[in-house]
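Coordinate analysis (summary)
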Amino acid sequence: MAEMAVSLAREKLLPLIRDEANLLWDIPKEFADIKDELEYIQAFLKDADRRAAEEGDNTNEGIRTWVKQLREASFRIEDVIDEYMIYVEQQPHDPGCAALLCEIIHFIETLMPRHQIASEIQQIKSFVHGIKQRGKDYHFQIQPSVEQGQSSYRGSRSVQWHDPRMHSRYLDEADVVGFEGPRDELIELWGQIESATLDDKTGSRILITTRKKDVADSFKSSHFDHAHELKPLTLEKSMELFCKKTFRFDYNGCCPDHLMNISSEFVKKCKGLPLAIVAIGGLLSGKEKTTFEWERIRQGLSSEMEKNYHLIGVTKILGFSYDDLPYYLKSCLLYFGIYPEDYEVKSTRLIRQWIAEGFVKDEEGKTLEDVVQQYLTELIGRSLVQVPSFTIDGKARSCHVHDLLRDMILRKFKDLSFCQHINKEDESMSSGMIRRLSIANISNDLMGSTESSHTRSLLVFTGEESALTNEFAQRIPTKYRLLKGNLAHLKYLSLKGSWIQTENILKFIGKLQNLETLDLRFSSRFSEEMPKEICKLTKLRHLLGDEMNLFQLKNSLGDGGLQRLKELHLKDFYNLKSINIDKGALCSLETLQFFNIPQLETVPPGIQHLEKLEVFDVYHMPYEFEQCIAPDGGPEHPSIQHVPLVRIDGKKSTR
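Residues numbered from 1 in each chain as written. Predicted model: local features only at pLDDT ≥ 70, side-chain atom pairs only at ≥ 80, totals over all residues. Heavy atoms only, no water.

The next point concerns the sheet that holds strand β6 (residues 420-422). Pairing in this open sheet of three strands is parallel, and the strands run β6-β7-β8 from one edge to the other. Both edges of this open sheet fall to β6 and β8 (457-460), since each of them pairs with a single strand only. Between one strand axis and the next, the sheet turns through 10 degrees on average, direction left out of account. Examined bridge by bridge, strand β7 (residues 436-439) and β8 share four bridges and lie parallel to one another. (Pairing = 2+ DSSP bridges. Helix = DSSP H or I, 4+ residues; strand = E, 2+ residues; numbered from the N terminus. Axes fitted to C-alpha atoms, helices over the stretch in contact; angles between N-to-C directions.)

Below, the structure written as structure tokens:
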């Protein structure tokens, strides 16, 4: 009986062991195959997004579902690729007999993760095969279109669609508001050039308008040519336009007293955008002129954007600007929807996050920061991103998008599975995969419902009434699969202004091998020394902190640590008396900032070794420090002459 049992076990186990061995042995080949599959799917999704933009609401619902499933398949492939790359990086590489023993032990220890990766690859391949088969069954395929010379959905219908921008061409002059200044400028300009132009008695004039700065610049034939940049309407002009549209048949075109306050709320919401003012005014013109009715509309304005005749046109027009973007800029624009309404994000922070998200591709001869700055400049030039303040060198200090554009972005989130934005305690989670999670309200009920194994980015925006708690932070590594493994996938970590105990995180900081940005500024519970293991973070590009003890770093900077660090901010180091920069250390540093280091009275010896340093910012430093780098005879000024931009308390220092 015992022999029979052993025989039966052998007959059942051996095939399983063989299958398992084949499964694990084929991982590299399967990985290569699925990586190729991802490239095809991503190329298809680019084409699908373009076709969806062309067809608008006429896209077949079945095709929408099919494309969404393919998008989720691409997410799963991205996830397993990341898991595999972490596994490869952890393989032992040292030769020798002792290393052979370690390799055997490591092989046994990694059986489970390798099995999980191999199984997930097989499941993904099966999932993708099923999607392809359904595409064939229901004819959801992209086929060449001879008429357009482009691809199109087979089975989708072609519908003549009316462009909502056309009616603006036929406005009466009396209905135009806010162009008095530009009109007077044009009249004055015409008076200057009229005698130099031919008069063919036809009375024709050509006026070119565009939302793209580069298009306007392309029509300039010399530096004397001027492109007039339209500004948002003032609050006074906005109210005038609002009243013209809303009360054109009532109250003699004026706003009644009982609607004055709520009318101001609507006008402020539009932020000087004539398109929005006209649309909302058109909507309200057909409604009862009561405070109750208008308040109801104001609270449900976002949902009205999707169904009301007057507002749908705004959504479509804003959608044109998104659809017209090159593919590499679309994710960058969508990212603005992650932030809360009216949130002005610092450009430096935005740039770091775009890099961490993988939106930025390498370009020969440029750093990633240079490329992403180019992306941001292009979005600003397309009038999609607004800049309330600039730096001394003319770059955007902070930026945001218009509220209505943000509403359009939030509607894109669902279709593209780009992000879930949680703003209310009772807000429900979307079905399907969630790649990014933005939380503006922390509650115990919310913590359980927002856990997702496929979430790659987690952003929490808290105010005084809703703080990020230790309890919430401790759940992150265990409830978000792509942040597991000691946060091995993490690229961007900002605990700026948080109340959680950052010293617990710093204990294993050396294990965050993919970390690119670490921001610990204003973390009020930070009390530990910065561990020397931070120098093991070979991919770290930005280190920002205050009130930290850098003693452990003293002997590490000279050993080639922090080779990729691009930005270093040191703030409120009350006991720091000297810094030595060895040759070869911080060799990639581009921005160095000293802020309130009261005992540091001289420039760091070796700063001349920072050959790539472009910006040196000094704020609230001792008088002796400022004098030693003064351009008019400061003894240490020659050591920073190679730095293009030196700022003392925000003012540019003359070289």
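Attention now moves to unusual backbone geometry. We note that Asn-252 has phi near 55 degrees; this positive angle belongs to a residue other than glycine. When its relative accessible area of 80% is taken as the criterion, Asn-252 is described as exposed. (Buried < 20%, exposed > 50% of the residue type's maximum accessible area, 1.4 Å probe, protein only.)

Attention now moves to the packing of helix α8 (residues 235-246) against helix α10 (residues 274-285). One way to put it is that α8 packs onto α10 with a least axis distance of 8 Å and a crossing angle of 35 degrees. Note on packing geometry: the crossing formed by α8 with α10 is right-handed. Here Ser-238, Leu-241, Phe-242, Lys-245 and Thr-246 of α8 come into contact with α10, specifically with Pro-274, Ile-277, Val-278, Ile-280, Gly-281, Gly-282, Leu-284 and Ser-285. Split into classes, the residues belonging to the contact of α8 with α10 amount to seven nonpolar, five polar and one charged. (Left-handed = near helix turned anticlockwise from the far one by under 90°. Contact = heavy atoms within 4.5 Å. Nonpolar A, V, L, I, M, F, W, Y, C, P; charged D, E, K, R; others polar.)

What follows concerns the sheet that holds strand β14 (residues 615-619). Spatially, β9-β10-β11-β12-β13-β14-β15-β16 is the arrangement adopted by the eight strands of the open sheet, whose pairing is mixed. At either margin of the open sheet sits one strand with a lone partner, and together these are β9 (492-494) and β16 (651-652). Sheet topology places β9 next to strand β10 (residues 517-519); three bridges connect them, and they run parallel. Within the sheet, the bridge partner assigned to Ser-494 lies in β10 and is Asp-519. Set on the sheet, helix α15 (residues 347-357) makes contact with β9, β10, β11 (542-546) and β12 (567-571); between it and β9 the angle comes to about 145 degrees.

Turning our eyes to something else, we now look at the pairing of strand β4 (residues 386-390). Two elements, β4 and strand β5 (residues 396-400), share three bridges in a ladder whose sense is antiparallel. What sits directly across from Gln-386, in β5, is His-400. As consecutive antiparallel partners, β4 and β5 are separated by five residues, and within that stretch Gly-394 has a phi angle of approximately 85 degrees, a positive value.

Helix packing geometry: the angle between the two helix axes and the distance between the axes. It is the contact of α8 with helix α9 (residues 260-270), at a shortest axis distance of 10 Å, that shows an interaxial angle of 110 degrees. For the element pair α8 / α9, the angle class is roughly perpendicular. Handedness of the crossing formed by α8 with α9: right-handed. Taking contact as the criterion, the partners of Leu-235, Ser-238, Met-239 and Phe-242 in α8 are, on α9, Ser-263, Ser-264, Phe-266, Val-267 and Lys-268. In the contact of α8 with α9, the residues fall into five nonpolar, three polar and one charged. (Parallel < 35°, antiparallel > 145°, perpendicular 65-115°, else oblique.)

Applying the stated criterion across every chain yields a total of 18 aromatic pairs. On the numbers, 5.8 Å between centres and 70 degrees between planes, the contact of Tyr-339 with Phe-461 is edge-to-face. Linking Tyr-339 in the loop between α14 (327-334) and β3 (345-346) with Phe-461 in the loop between β8 and α19 (470-479), this pair joins segments that are 122 residues apart in sequence. Both residues of the pair, Tyr-339 and Phe-461, count as buried. (Phe/Tyr/Trp six-rings, centres within 6.5 Å; stacked < 30°, edge-to-face > 60°.)

Turning our attention to the confidence of the model for the protein. Here the protein averages 76 in pLDDT, and 68% of its residues register 70 or above. Scored below 50 in pLDDT, residues 551-558 makes 18 contacts in the model with residues more than four places away or belonging to other chains. (pLDDT = per-residue confidence, 0-100.)

This paragraph deals with the pattern of salt bridges. With the rule as written, the count across this model stands at 26 salt bridges. The partner of Arg-71 in a salt bridge is Asp-49, and the shortest N-O contact between them spans 3.1 Å. Taken together, the positions of Arg-71 in helix α3 (residues 61-89) and Asp-49 in helix α2 (residues 27-55) put the pair 22 residues apart, joining distant regions of the chain. Of the two residues, Arg-71 and Asp-49, neither departs from the other in class, the shared state being buried. With its nearest N and O atoms 3.4 Å apart, the salt bridge here joins Lys-237 to Glu-240. In this pair, Lys-237 and Glu-240 both sit in helix α8, three residues apart, roughly one turn of the helix. Residue Lys-237 is classed as partly exposed on the basis of its relative accessible area of 25%. A residue is classified by how much of its surface remains accessible, and Glu-240, at 31% relative accessible area, is partly exposed. (Salt bridge = Lys/Arg side-chain N within 4 Å of Asp/Glu carboxyl O.)

Topologically, Ser-74 is positioned in helix α3. For Ser-74, a relative accessible area of 3% translates into the label buried. In this structure Ser-74 touches Leu-38, Ile-41 and Leu-45, once residues within four positions along its chain are discounted.

Turning our attention to the state of the cysteines. Here a disulfide denotes a covalent bond joining the sulfur atom of one cysteine to the sulfur atom of another. A complete count under the given rule lists zero disulfides for this structure. Here Cys-243 stays free of any disulfide, with the sulfur of Cys-255 as its closest cysteine sulfur at 5.1 Å. A relative accessible area of 9% means that Cys-243 is categorised as buried. (Disulfide = S-S within 2.5 Å.)

If you look at the biggest cluster of nonpolar residues, it comprises 62 residues, and the most contacted ones within it are Phe-242, Leu-333, Phe-336, Trp-354 and Leu-379. What Trp-354 contacts, discounting residues up to four positions off in sequence, is Cys-332, Tyr-335, Phe-336, Phe-359, Val-360, Val-372, Tyr-375, Leu-376 and Leu-379. (Core = buried A, V, L, I, M, F, W, Y, C linked by side-chain atoms within 4.5 Å.)

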